[in-house]
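Architecture at a glance
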Amino acid sequence: CRDLVDTTRFKDILPVVGVKDASNAKKGDLIVWKHHVIIFEEMTQKVKNDLYVTAWWAGTRQKDNGDNIRNNVIYGKYKLSGDFIVRRPTK
């Protein structure tokens, strides 16, 4: 994650399409911040100044529940805040 937050790296395969801004995000884009990466699916809602997105996040420690958590991957709503960047895979 540390390398993906560095906007000078991986420009050829993961170009940056937003810095602290997810308004141009498309399904499949990566939203990266200091210790996390989520795979963007859609904007969910904006509450006051807080933006929420629906996305996939791998690496959860939560147990499978047969619904939104399966095989160490969780699907849910995430609040975007602080410093994050949006990267779009080219392949």
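Everything that follows concerns the structure shown earlier in this document.
Report follows, based on the coordinates. The numbering scheme is per chain: residues are counted from 1 as the chain's sequence reads. Reporting in this predicted model follows two pLDDT cut-offs: at least 70 for local features of residues, and 80 or more for side-chain atom pairs to be given and counted; totals over whole chains, interfaces and linings ignore these cut-offs and use all residues. Side-chain measures were taken over the full set of non-hydrogen atoms in the model, leaving aside hydrogen atoms and water.

**Considerations on the overall build of the protein**
How we decide: Each helix corresponds to a stretch of at least 4 residues labelled H or I by DSSP, and each strand to a stretch of at least 2 residues labelled E; elements are numbered beginning at the N terminus. Atoms counted for the radius of gyration: C-alpha only. Globule rule: 2.2 Å times residue count to the power 0.38. A 1.4 Å probe rolled over the protein chains alone gives each residue an accessible area, and that area as a share of the maximum for its type sets the label: buried under 20%, exposed over 50%, partly exposed in between. Any two residues whose heavy atoms approach within 4.5 Å at even a single point are treated as in contact. In this tally, Asp and Glu contribute negative charge and Lys and Arg positive charge; neither His nor the terminal groups of the chain are included. The location of each charge is read from NZ of Lys, CZ of Arg, CG of Asp or CD of Glu.
A count of helical and extended segments in the protein gives 1 helix and 7 strands. Reading the protein from its N terminus to its C terminus gives the helix and strand order α-β-β-β-β-β-β-β. Scaling as 2.2 N^0.38, a compact globule of 91 residues should have a C-alpha radius of gyration of about 12 Å, and the protein matches this with 13 Å. The buried share of the protein, reckoned over its 91 residues, is 29%. Taking as baseline every contact in the protein between residues at least 6 positions apart, the subset at least 24 positions apart corresponds to 52%. Positive and negative side-chain charges in the protein, numbering 17 and 11 respectively, have mean positions lying 2 Å apart.

**Here we look at the pairing of strand β2 (residues 30-33)**
So the rule is basically this: Should DSSP find at least two bridges between two strands, the strands are regarded as paired.
Side chains L30 and V32 of β2 all project onto a buried face; the interleaved residues I31 and W33 project onto the opposite face, where all are buried too. The sheet contact formed by β2 and strand β3 (residues 36-47) spans 4 bridges and is antiparallel. When the bridges of β3 are listed, V32 appears paired with V37. Where β2 meets strand β7 (residues 85-87), 3 bridges bridge the pair, whose relative direction is antiparallel. Directly across from L30, in β7, lies its bridge partner R87.

**Points about the nonpolar core**
What counts is decided by this rule: Among the buried residues, those of types Ala, Val, Leu, Ile, Met, Phe, Trp, Tyr and Cys that are joined through side-chain atoms within 4.5 Å form a nonpolar core.
Among the nonpolar cores identified, the biggest contains 14 residues, and I31, I38, V53, L80 and F84 are the most heavily contacted of them. Those elements that provide at least two residues to this core are β2, β3, β4 (50-58) and β6 (73-80). With near-sequence residues (within four places) excluded, I31 lies in contact with H36, V37, I38, F40, V53, L80, F84, I85 and V86. One finds L4, L14, L30 and V32 within the second-largest nonpolar core, a separate group that totals 5 residues.

**Some thoughts on the side chain of T60**
Rules: Distance and chemistry together define a polar contact, namely a pair of N or O atoms within 3.5 Å, with one atom able to donate a hydrogen and the other to accept it when in protein, and with adjacent residues in sequence counting only for side-chain atoms on both sides.
Along the chain, the position of T60 falls in the loop between β4 and β5 (69-70). Looking at T60, its side chain comes within polar contact range of the main-chain nitrogen of Q62, at 3.1 Å.

**Quick look at the packing of aromatic side chains**
Condition: In this analysis, rings of Phe, Tyr and Trp, with Trp reduced to its six-membered ring, are considered paired at centre separations within 6.5 Å, and the interplanar angle assigns stacked below 30 degrees, edge-to-face beyond 60, and tilted for intermediate values.
Tallying each qualifying case throughout the model produces 2 aromatic pairs. For the ring pair W56 and Y75, a centre distance of 4.5 Å and an interplane angle of 45° mean the geometry is tilted. One end of the pair, W56, is in strand β4; the other, Y75, is in strand β6, with 19 residues separating them in the sequence. Accessibility expressed as a relative area gives 26% for Y75, which makes it partly exposed.

**Things to note about unusual backbone geometry**
Residues other than glycine seldom take positive phi values, yet F10 does so here, at roughly 60°. Although it is not a glycine, K20 sits at a positive phi angle of roughly 55°. Residue position: K20 is located in the loop between β1 (16-19) and β2. Its relative accessible area of 53% is what places K20 among the exposed residues.

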